[in-house]
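Residue-level structural notes
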Amino acid sequence: MNKLDIRDKAEILKILGHPTRLLILEEIAEGAKCVTDIQDLLDIEQSNLSQHLSVLRRLKIIDFYEDGALRCYYITRPKMADSLFMFISGNYPVVRRSCEEVRKESERRQTKTATRK
């Protein structure tokens, strides 16, 4: 999954952007949770929760282990989850620039990109 095309990237963001899935990830990020625990914490139907868990497993963001009859879920990509939470909770100020500042920044980036090739 190194070279995703833009549609794949958009799909991942769309999947992660669902409010229930974000809540599930927040809960599991605090530590492994069994389905019944997640269900109680989020107050959602088990069938709905299972669908969301399945989607997150397909992205390989979470997985589960079995503890007797219980399925307990955990984060498989903690750095990705941390980055996601940082991204969505960050305070990113608006930066206003003059036309000249924008041109200089563009030239600087083009020079930087050209030297990498």
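Here is a short report on the structure shown in this document. No experiment lies behind these values; they were computed from the predicted model shown.

As a further point, take the sheet that holds strand S1 (residues 33-34). With antiparallel pairing, three strands are arranged side by side in an open sheet as S1-S3-S2. Edge positions in the sheet fall to S1 and strand S2 (62-67), since each has one partner strand and no second. Where S2 and strand S3 (residues 70-75) come together, six bridges link them in antiparallel fashion. Residue pairing in the sheet places Asp67 in a bridge with Leu70 of S3.

The next thing to look at is a nonpolar patch on the surface. Where nonpolar side chains cluster on the molecular surface, the patch consists of Met86, Phe87, Ile88 and Tyr92 and spans about 490 Å² of accessible area. Given the relative accessible area of 57%, Phe87 is considered exposed.

Before going further, it helps to spend a moment on the nonpolar core. If you look at the biggest cluster of nonpolar residues, it comprises 24 residues, and the most contacted ones within it are Leu16, Ile24, Leu25, Ile28, Leu53 and Ile62. Within the residue set of this core, elements represented by two or more residues are helix H1 (6-16), helix H2 (19-29), helix H3 (35-42), helix H4 (46-58), S2, S3 and helix H5 (78-89). Those residues within four positions of Ile62 in sequence are excluded, and the remaining contacts are Leu25, Ile28, Leu53, Leu56, Arg57, Tyr73, Tyr74, Ile75 and Thr76.

Another aspect to go through is the pairing of S3. Strand direction decides the pairing type here: S1 and S3, joined by two bridges, are antiparallel. When the sheet's bridge partners are listed, Cys34 is paired in S3 with Cys72. Taking the residues between adjacent antiparallel strands as the criterion, S2 and S3 are bridged by two residues, where Gly68 takes a positive phi near 70°.

Even without being glycine, Asp43 reaches a positive phi, approximately 55°. Locating Asp43 in the fold gives a position in the loop between H3 and H4. Its relative accessible area of 70% is what places Asp43 among the exposed residues.

Another aspect to go through is the packing of H2 against H5. Packing of H2 against H5 leaves a shortest axis separation of 11 Å and a crossing angle of 125°. In terms of orientation, H2 lies oblique with respect to H5. Viewed along their axes, H2 and H5 form a crossing whose handedness is left-handed. The segment H2 lies against H5, with Leu22, Leu25, Glu26 and Ala29 engaging Leu84, Phe85 and Ile88. Taken together, the residues that form the contact of H2 with H5 break down as six nonpolar, no polar and one charged.

If you check H4, its first and last C-alpha atoms are 18 Å apart, about what 13 residues at 1.5 Å a residue would give, namely 18 Å. Inspection of H4 places Leu49, His52, Leu53, Val55 and Leu56 among the buried residues, and these make up the whole buried set. Each buried residue of H4 sits inside an arc of 160° when the element is viewed along its axis, so together they form one side. Facing away from the buried side of H4 by more than 90 degrees, the exposed set consists of Gln51 and Arg58. Elements in contact with the buried residues of H4: H1, H2, H3, S2 and S3.

How each quantity is defined
- Residues numbered from 1 in each chain as written.
- Predicted model: local features only at pLDDT ≥ 70, side-chain atom pairs only at ≥ 80, totals over all residues.
- Heavy atoms only, no water.
- Pairing = 2+ DSSP bridges.
- Helix = DSSP H or I, 4+ residues; strand = E, 2+ residues; numbered from the N terminus.
- Patch = residues over 30% accessible without salt bridge, like charges linked within 9 Å, V, L, I, M, F, W, Y side chains within 5 Å.
- Areas by Shrake-Rupley, 256 points an atom, 1.4 Å probe, with all protein chains shown as cover.
- Salt bridge = Lys/Arg side-chain N within 4 Å of Asp/Glu carboxyl O.
- Buried < 20%, exposed > 50% of the residue type's maximum accessible area, 1.4 Å probe, protein only.
- Core = buried A, V, L, I, M, F, W, Y, C linked by side-chain atoms within 4.5 Å.
- Contact = heavy atoms within 4.5 Å.
- Axes fitted to C-alpha atoms, helices over the stretch in contact; angles between N-to-C directions.
- Parallel < 35°, antiparallel > 145°, perpendicular 65-115°, else oblique.
- Left-handed = near helix turned anticlockwise from the far one by under 90°.
- Nonpolar A, V, L, I, M, F, W, Y, C, P; charged D, E, K, R; others polar.
- Expected span 1.5 Å × (residues − 1).
- Arc of directions from axis to C-beta.

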